[in-house]
Amino acid sequence: MTNFTLRHLKIIPILFLFSQSISLASIRDFETTRLKSTAGAGVGSILMDEATILNPAPIAFYNVGSIYLNKGSSTATSENTPLGETDHMGVIVSDSKGATAGSLSYQIQKVGETKKTLMAAAMSRLIKEKSAMGVSLRKTTEETSGNETLNVLQTIVGVTHAVNQEFTIGFVVVDPLKQNIDDSKGTFGMQYVFKDFISVMLDAGANYYKGLGETFLYKSAIQFKLLDDFYARFGYFRDRGTEETGTGAGLGWVQPRLVLEAALKNSEDKQGKEVSETSFSLSYRF
C-alpha cells in the first residue's frame, strides 16, 4: 500500500506540468472575427479593424473612425477528450481621418487560470497615391496559474499597394528584432475582386530565421457578396511551423456605419489536437 501511494505521488508533478502545457497550448493567436472566417488570410486586403492584428498599412486608405468590439471562445479536444475552453474579448479603436492613420487595441484571452493579453498601437501613412506603409507595436503578456508573467514587445512592419480597384497586394514582416523567434515571419498576400461579387485572397509566408520548408504557411479564402449588404466567407490554411491545418467560415452584414460579423474556425495539429473557435463582432464607423 505504501509503494502504491509513493508511485502515485511521483505522478502528481508530471500531471501538473502536463495540465499546464495543455492550458498554454489552448491560447491561440489573436484574430478578428473576419480573420477567423478567412482562416487568417488577408495580408493583401484593404482592412481597417485588423491594423493592429495583421497588416498595419491599409488603414491609411480609409477616411473614417471605427470602434470595434468582439467576443469569442474556443474549445480544445484530443481524441474526444476535452483539454480546456478559452474565452476571448477585445476592443479596437481606429482613426484614419488625418494624414496619418492610427489604431489602438486591447485583447484578452483566458483559459483556466492562465491569461494572455495584448495591447497594440499601429500607425500608417500613404507613401504614394496607391501605396501605404504602416508600423505597429504590440506588447503580449502571459500570466500563468503559478503567478509567472512573460512579457514580449514586438514590432510589425507592413506595406500595401493597390494595383487597381480589383487587385491589391501586401507584405508584412513580424518581429524582425527576434524578440520571440517563433513569431518572426514574413508573409506576402494578395486579393482579387471580380465584378464586386467574388473576392479571392491568398497569403504565403515563412519564418525568415528558420528553414523555409519547415515553417512555410499558406492561407486562402473566398468571399461572396450576397444581396447588397451580406458577405459569406470561407477559408483554409496550412502551417508547417505549427503543424496545423484548418478551415474558417463566416457571415458579415455591412452597413455604411455598422458592421456585424460571426465566424467559426476549426483547426487540427499533427498530434490530433482539435480546436474549435467561435467569434462575434460589432464595428461602428463614424
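Residues numbered from 1 in each chain as written. Predicted model: local features only at pLDDT ≥ 70, side-chain atom pairs only at ≥ 80, totals over all residues. Heavy atoms only, no water.

The subject of this paragraph is a nonpolar patch on the surface. On the surface, I67, L69, V93, L260, L282, Y284 and F286 cluster together to form a nonpolar patch covering roughly 570 Å² of accessible area. Those elements that provide at least two residues to the nonpolar patch are strand 1 (65–78) and strand 14 (273–285). (Patch = residues over 30% accessible without salt bridge, like charges linked within 9 Å, V, L, I, M, F, W, Y side chains within 5 Å. Areas by Shrake-Rupley, 256 points an atom, 1.4 Å probe, with all protein chains shown as cover. Salt bridge = Lys/Arg side-chain N within 4 Å of Asp/Glu carboxyl O. Helix = DSSP H or I, 4+ residues; strand = E, 2+ residues; numbered from the N terminus.)

To continue, consider the layout of surface pockets. What the largest pocket holds in volume is close to 1600 Å³. Around the largest pocket, the lining comprises 46 residues; the ones closest to its centre are D29, D182, D183, K185 and T242. By residue number, the principal contributor to the lining of the largest pocket is strand 6 (residues 149–162), which donates four residues. The residue makeup of the lining of the largest pocket, split by class, is 17 nonpolar, 10 polar and 19 charged. Within this model, the second largest pocket holds a volume of roughly 620 Å³. As for the second largest pocket, its lining consists of 26 residues, of which R34, I46, Y62, Q223 and Y231 are closest to the centre. Ranked by the residues each element gives to the lining of the second largest pocket, the list is headed by strand 14, at four residues. (1 Å grid on protein atoms, 1.4 Å probe; cavity = no way out; pocket = protein on both sides within 12 Å on 5 of 7 lines; lining within 4 Å. Points joined across faces, edges and corners; volume = space filled by probe spheres on them. Nonpolar A, V, L, I, M, F, W, Y, C, P; charged D, E, K, R; others polar.)

A few words now on the packing of aromatic side chains. A complete count under the given rule lists five aromatic pairs for this structure. Ring geometry for F216 and Y218: centres 6.2 Å apart, planes at 40°, overall tilted. Under the relative-accessibility criterion, Y218 is labelled partly exposed at 29%. Following the ring pairs from residue to residue traces out a cluster consisting of F216, Y218 and Y236. A cation sits over an aromatic face here: K178 above Y209, 4.7 Å from the ring centre. The aromatic ring of F237 is capped on one face by K265, whose charged end is 5.0 Å from the ring centroid. (Phe/Tyr/Trp six-rings, centres within 6.5 Å; stacked < 30°, edge-to-face > 60°. Buried < 20%, exposed > 50% of the residue type's maximum accessible area, 1.4 Å probe, protein only. Lys NZ or Arg CZ within 6 Å of the ring centre and 35° of its normal.)

With a phi close to 60°, A39 is a non-glycine residue in the positive phi region. With respect to the helices and strands, the residue A39 is situated in the loop between helix 2 (33–37) and strand 1. A relative accessible area of 1% places A39 in the buried class. If you check the backbone angles, L227 has positive phi at about 60° while not being a glycine. The topology assignment puts L227 in the loop between strand 10 (217–226) and strand 11 (230–239).

When the charged atoms of two side chains lie near each other, side chains of opposite charge can form a pair. A full pass over the atoms with the stated rule returns seven salt bridges. Note that R285 is salt-bridged to D49, the shortest N-O span being 3.4 Å. Of this pair, R285 sits in strand 14 while D49 is found in the loop between helix 2 and strand 1, placing the two residues 236 residues apart along the sequence. Judged by its relative accessible area of 18%, R285 is buried. Its salt-bridge partner being E261, residue R233 comes within 3.0 Å of it at the nearest N-O pair. Of this pair, R233 sits in strand 11 while E261 sits in strand 13 (residues 258–269), and the two are 28 residues apart along the sequence. Just as R233 is buried, E261 falls in that class too.

Remember that the coordinates give geometry; whether it matters functionally is a separate question.
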